[in-house]
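Per-entry structural report
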Amino acid sequence: MLEIVDLTVAYGPVMALHGVTLTVADSSITAVLGANGAGKTTLVRTISGLVRPRSGSVRLDGRDITRLAPEEIARLGVAHVPQGQAVLAELTVDENLRLGGLWRRDPSGQRRAMAEAYELFPPLASRRHLAAFSLSGGERQMLVIGRALVARSRVLLLDEPSLGLARLVLVQIMARIKTMVHERGLTVLLIEQNAKSALSVADEAMVLHLGKVVVQGRAHQLSSEEGLRHAYLGF
Amino acid sequence: MSRFFILTLDGLTQGAIYAAVALALVLIWRATKVINFAQGAMAMFTTYLALFAIDHGAPYWLGFVVALLSGLLLGAIVERVIVRPVESAPPLNVVILTLGLLLFFEALAPMLFGGQIRSFPPAFSIVGLHVGNSQVAFSAFDAFTLGSVLAVMILLLVLFQRTNLGLRMRASAFNPEVSRLLGIRVGRMLTLGWALASLVGALAGVLIAPTFLLYPNVMDQVLVFGFTGAVLGGLDSAVGAVIGGLLIGFALSYVGGYLGSDLETVGALVILIAVLMVRPRGLFSLQRLREV
């Protein structure tokens, strides 16, 4: 279980998050919605340790991880897939995938996880020995998500996975993630600007506006409230 | 034996040394995008430590090990204590810091070991080998020099291309933030990179000292030539560094042999300027692939 309690983050004098509180239950998908600049990316960067909060805390299964370094948080099983297809462009597809699970020191589990990732994303399998910079935007997105799956983390932080991805591929990926949520108890925090597609897969959802939580609730309720949809979600 | 042949052999052995220095510079450049101008001074210092051990009765090979291990340690300490605190500062700060380190080691060495020029024993004979009845200008020590530099290059290639540790080091160099999100302890990788570079530099030190002798600023010129070799090779390629270093060795040997030895340094600078004008990314840089 991932608990975020009264989190406040500022970049110099600019407040990015204002007392955000959120609990992400195990085996569930929670969508974080909101416009550009709402603080969605800041929220995930704070959870993964890249940004230090001014106050508040982040807890993973009751353990305070607020002040841990990003690499230690990753080793506790929190995989952050950042925005913008952050592949290691100079390395091959295979090397990128391998990096996902290196910290586990479990070669046989790693091989299985890599085989699964290639099965899930066939375009990657045929390009495994090419440098990642030769991939298209969609293939890069597959690679960063595949890399996070190879880590077999308990918590997946997905920052705008829909960017640059064909609709069909996105649906496939989200279906696969949903299966992992049910079968393996994966916990997902899904950051999206595209509210409609996020709400269709999420269990819970919250809307951020200028660093504050404005709405929080069950995903299907949020998508049925017309006023809310017009005010914040744009559909 | 023709003059050209002698100069070529000479260039090969000199070039091997420049290649080792170039390799050390490239290791740090790849990891942190910094040129360590103290690389030569650190190598001078570890060579003095080896000589200190030998002076006190240690056999040659123990001294050799002292140089390499102290190199490894010195590199790690310099990264952790001196470079780490300015890691997030602009690159120029780190460069100026390494220049300061250069001055520091060149001042510290004469205080600890005396400023006079010392001779340093070679690992093997420096008398030219006999081929049939004639003697060639290539000694057993020259063969050792060339062989050990090539061996180090191959070991580094295996480390970087074939091991998980090498993969972590490359990832950390290319994108520290993403690497940290993948659970890689990037800080340790940087320390290791500096330690390895300093180890290679220490090897260059014990290879250079028998012919260049040992005094506090012996490595200044070697560093310039090694740097030229590294730039020639493209700064981010280990193979490029070795080939660049060897090419500089040949070029300087021919310039010195045919045009006069006082033109050697000028020759190196002309090569450096020419490379920067014609092919600023060097002969073997990865960068050109990224333009695709």
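Data block above holds the structure.
Bear in mind that the values here come from a model prediction, so they are computed numbers and not experimental data.

A count of helical and extended segments in chain B gives twelve helices and two strands. Going from N to C terminus, chain B has its helices and strands arranged as α-α-α-α-β-β-α-α-α-α-α-α-α-α. Its C-alpha radius of gyration of 19 Å places chain B within 12% of the 19 Å reference for a compact globule of 292 residues. C-alpha extents for chain B along the principal axes are approximately 65 × 50 × 35 Å. Across the 292 residues of chain B, 48% fall into the buried class.

Glancing now at the packing of helix H1 (residues 3-32) of chain B against helix H9 (residues 219-233) of chain B. All names here are of chain B. One way to put it is that H1 packs onto H9 with a least axis distance of 8 Å and a crossing angle of 65°. By the angle between their axes, H1 is roughly perpendicular relative to H9. Two packed elements cross with a definite hand, and for H1 against H9 that hand is right-handed. Contact residues: H1 offers Ile17, Tyr18, Ala19, Val21, Ala22, Leu25 and Val26, while H9 offers Val222, Leu223, Phe225, Gly226, Phe227, Gly229, Ala230 and Gly233.

With that settled, consider the interface of chain B and chain A. In this assembly, 18 residues from chain B lie in contact with 20 residues from chain A. Listing elements by their share of the side of chain B that touches chain A, those giving two or more residues are helix H6 (164-174) and helix H7 (176-181) of chain B. Among the elements that line the side of chain B that touches chain A, the one with the most residues is H6 of chain B, at six residues.

Here the focus is the sheet that holds strand E3 (residues 29-33) of chain A. Residues and elements named next belong to chain A. Spatially, six strands are ordered E6-E7-E8-E3-E9-E10 in an open sheet, and the strand pairing comes out mixed. Whereas interior strands pair on both sides, the edge strands pair on one side only; in this sheet they are strand E6 (78-81) and strand E10 (212-218). Recorded for the sheet is a direction-independent mean angle of 15° between the axes of neighbouring strands.

Here we come to the pairing of E10 of chain A. Within a regular strand, side chains alternate between the sheet's two faces. Residues and elements named next belong to chain A. Two elements, strand E9 (residues 204-209) and E10, share six bridges in a ladder whose sense is antiparallel. Pairing of Val207 across the sheet is with Val215, part of E10. Taking the residues between adjacent antiparallel strands as the criterion, E9 and E10 are bridged by two residues, where Leu210 takes a positive phi near 50°.

Moving on, we come to the sheet that holds strand E4 (residues 55-60) of chain A. Sheet strands associate in pairs through backbone hydrogen bonding, adopting either a parallel or an antiparallel arrangement. All names here are of chain A. Spatially, the four strands line up as an open sheet ordered E2-E1-E4-E5, and their pairing is antiparallel. The open sheet has two edge strands with one neighbour each: strand E2 (14-24) and strand E5 (63-64). Bridge count for strand E1 (residues 2-11) against E4 is five bridges, and the pairing is antiparallel. Looking at E4, one finds that Ile4 is bridged to Val58.

The rules we used
Per chain, residues are indexed from 1 in the order of the written sequence. For naming, the first written chain is A and the first written ligand is 1, with later ones following in the order written. Totals for whole chains, interfaces and linings use all residues, but because this is a predicted model, local features are given only for residues with pLDDT of at least 70 and pairs of side-chain atoms are given and counted only at 80 or more. Only DSSP runs of H or I with at least four residues qualify as helices, and only runs of E with at least two residues qualify as strands; both kinds are numbered from the N terminus onward. Atoms counted for the radius of gyration: C-alpha only. Globule rule: 2.2 Å times the number of residues to the power 0.38. Comment: burial labels come from other C-beta atoms within 10 Å of the residue's own C-beta, placed from the backbone, where a count of 20 or more is buried, 12 or fewer is exposed, and between is partly exposed. In this analysis, axes come from line fits to C-alpha atoms, helices being fitted only over the stretch in contact, and the angle between any two N-to-C directions falls in the range 0 to 180 degrees. Orientation categories follow fixed angle ranges, with anything under 35 degrees roughly parallel, anything over 145 roughly antiparallel, 65 to 115 roughly perpendicular, and all other angles oblique. By the definition used in this description, the sense in which the near helix is turned from the far one sets the handedness, with an anticlockwise turn below a right angle giving left-handed and a clockwise turn giving right-handed. Whether two residues are in contact depends on their C-beta atoms, placed from the backbone: they are in contact if these lie within 7 Å. When DSSP finds two or more bridges between two strands, those strands count as paired.

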